[in-house]
Amino acid sequence: VQLQASGGGLVQPGGSLRLSCAASGSIFRVNDMGWYRQAPGKQRELVATITRGGSTNYADSMKGRFTISRDNAKNTVYLQMTSLSPEDTAGYYCNAEVHISWFTTREYWGQGTQVTVSS
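Quick notes on the rules
- Residues numbered from 1 in each chain as written.
- Predicted model: local features only at pLDDT ≥ 70, side-chain atom pairs only at ≥ 80, totals over all residues.
- Heavy atoms only, no water.
- Core = buried A, V, L, I, M, F, W, Y, C linked by side-chain atoms within 4.5 Å.
- Buried < 20%, exposed > 50% of the residue type's maximum accessible area, 1.4 Å probe, protein only.
- Helix = DSSP H or I, 4+ residues; strand = E, 2+ residues; numbered from the N terminus.
- Contact = heavy atoms within 4.5 Å.
- Patch = residues over 30% accessible without salt bridge, like charges linked within 9 Å, V, L, I, M, F, W, Y side chains within 5 Å.
- Areas by Shrake-Rupley, 256 points an atom, 1.4 Å probe, with all protein chains shown as cover.
- Salt bridge = Lys/Arg side-chain N within 4 Å of Asp/Glu carboxyl O.
- Pairing = 2+ DSSP bridges.
- Axes fitted to C-alpha atoms, helices over the stretch in contact; angles between N-to-C directions.
- Disulfide = S-S within 2.5 Å.

Caption draft 1: Highlighting the nonpolar core. Counting 31 residues, the largest nonpolar core has W35, L79, M81 and Y92 as its most contacted members. When contributions to this core are tallied by element, the ones reaching two or more residues are β1 (2–6), β3 (17–24), β4 (29–38), β5 (45–50), β7 (66–71), β8 (76–81), β9 (90–99) and β11 (113–117). With 5 residues, β9 is the single largest residue contributor to this core. In this structure Y92 touches L19, W35, Y36, R37, V47, F66, L79, M81, G112, T113 and V115, once residues within four positions along its chain are discounted.

Caption draft 2: Region of interest: unusual backbone geometry. A positive phi angle is found at N75, which is not glycine, with a value near 50 degrees. Examined against the element boundaries, N75 turns out to sit in the loop between β7 and β8. Positioned with a positive phi, S83 is a non-glycine residue whose angle comes to about 50 degrees. Mapped onto the secondary structure, S83 falls in the loop between β8 and β9.

Caption draft 3: Expanded view of a nonpolar patch on the surface. Side chains of F28, W102 and F103 sit close together on the surface and give an oily, nonpolar patch of about 450 Å² of accessible area. Looking at the element boundaries, F103 is found in the loop between β9 and β10 (105–109). Classification of F103 as exposed rests on a relative accessible area of 77%.

Caption draft 4: Seen up close, the pattern of salt bridges. In this structure the tally under the stated criterion is 4 salt bridges. For R37, the salt bridge goes to E45, with nearest N and O atoms at 2.6 Å. Among the ionic pairs, K63 bridges to D60, the shortest N-O distance being 3.3 Å. The structure contains a network of salt bridges with shared partners spanning R37, E45, R65 and D88.

Caption draft 5: Molecular detail of the sheet that holds β3. Pairing is antiparallel across the open sheet formed by 4 strands, whose spatial order is β1-β3-β8-β7. The open sheet is flanked by β1 and β7, the only strands paired with a single partner. Sheet twist, expressed as the average angle between the axes of neighbouring strands with direction ignored, equals 15 degrees. Where β3 and β8 come together, 6 bridges link them in antiparallel fashion. Residue C21 lies in a different strand from β8, and its bridge partner there is V77.

Caption draft 6: Geometry of the state of the cysteines. All chains considered together, the criterion is met by 1 disulfide. Here C21 is linked by a disulfide to C94, with a sulfur-sulfur distance of 2.0 Å. Taking the sign of the S-S torsion, 50 degrees for the link of C21 and C94, the bridge is right-handed. Linking C21 in strand β3 with C94 in strand β9, this pair joins segments that are 73 residues apart in sequence. Exposure class is identical for C21 and C94. Each is buried.

Rendered as structure tokens:
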């Protein structure tokens, strides 16, 4: 199973970006999916998660600015980011809990996509 993230880049303060992450490979079913981020010199932190049924959870600092969504048919999770500030600069990593069989669940991480907010 692989998670392929895309959509990062350079954006000006106040701007928006949309990240995508698609799971592929030997997948029986994808359960929870999420986004985490890690800035230089800091620990990886939660951005947002979403269940297969669409229930969402956000870190407090992302509420109202970021929106997580998913397309179960495509095994893809999205992160719409608005009102970006330099403090949002980080590598963004997608995460998924995947049933690789009826009985076996494993956690996978994407390779990360860089978001840089700068004027």
